[in-house]
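# Remarks on the overall topology
Now for the letters of each chain:
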Amino acid sequence: MTTPDPYSRDVIALAASIPHLKRLEAPQASVRKVSRLCGSELTLDMNLADDGLVSEIGWDVSACALGQSSASILGSVIIGADRHLLAEGLDTINALLKGTPVPDNSPFQALRVLEPAAQYPARHGSIRLAFEAALEAFDQAAARER
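Residues numbered from 1 in each chain as written. Predicted model: local features only at pLDDT ≥ 70, side-chain atom pairs only at ≥ 80, totals over all residues. Heavy atoms only, no water.

## Some points on the side chain of Gln28
The topology assignment puts Gln28 in the loop between helix H1 (9-15) and strand S1 (29-34). If we ignore the near neighbours within four places in the chain, the residues touching Gln28 are Met46, Asn47, Leu48, Ala141, Arg144 and Glu145. (Helix = DSSP H or I, 4+ residues; strand = E, 2+ residues; numbered from the N terminus. Contact = heavy atoms within 4.5 Å.)

Right, here's the structure in full:
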């Protein structure tokens, strides 16, 4: 039995099209995350609107294609997100990396391209970076607004 290649064409295409690749000038929150195992790193800036939803992000992503594709997927749904959606995304990633398929009704169905990466634990930290940073930045920005 061969191990599926985690670096599919879809993963590479997502990695090459990360939205919001520009740091914000005056963010309400800024979080830097580093995957100790592989050295991938990401800095995420975030602003929340008055309604408590994500209104703007910007980031610098220096990660493997798997981490970049994860950031790309998050970047496509993050504007307008609440904390619940960000936590759901991280929960979905964590389950996926343990071998649980992404549910059909998930707003994160695009994460399915990362299913083969479950067999590469050294890349799990990189794949989680964007979602961990987003949740932390959301909490920082929300606390600042209180």
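## Description of the pairing of strand S2 (residues 41-48)
Across the 8 residues that make up S2, a large majority, 7, are buried. Bridging between S1 and S2 involves 6 bridges; their strand directions are antiparallel. Across the sheet, Ala29 pairs through a bridge with Met46, a residue of S2. Here S1 folds back onto S2, and the loop between the two strands holds 6 residues, one of which, Gly39, carries a positive phi near 85°. Pairing of S2 with strand S3 (residues 54-62), which is carried by 8 bridges, proceeds in the antiparallel orientation. Among the inter-strand pairings, Leu42 is bridged to a residue of S3, identified as Val61. The turn joining S2 and S3, which pair antiparallel and follow one another in sequence, is formed by 5 residues; a positive phi near 85° is taken by Gly52. (Buried < 20%, exposed > 50% of the residue type's maximum accessible area, 1.4 Å probe, protein only. Pairing = 2+ DSSP bridges.)

## Re the pattern of salt bridges
Following the criterion strictly, the structure yields 6 salt bridges and no others. Across the pair Arg112 and Asp104 runs a salt bridge whose closest N-O atoms are separated by 2.6 Å. Note on Asp104: relative accessible area 63%, which makes it exposed. (Salt bridge = Lys/Arg side-chain N within 4 Å of Asp/Glu carboxyl O.)

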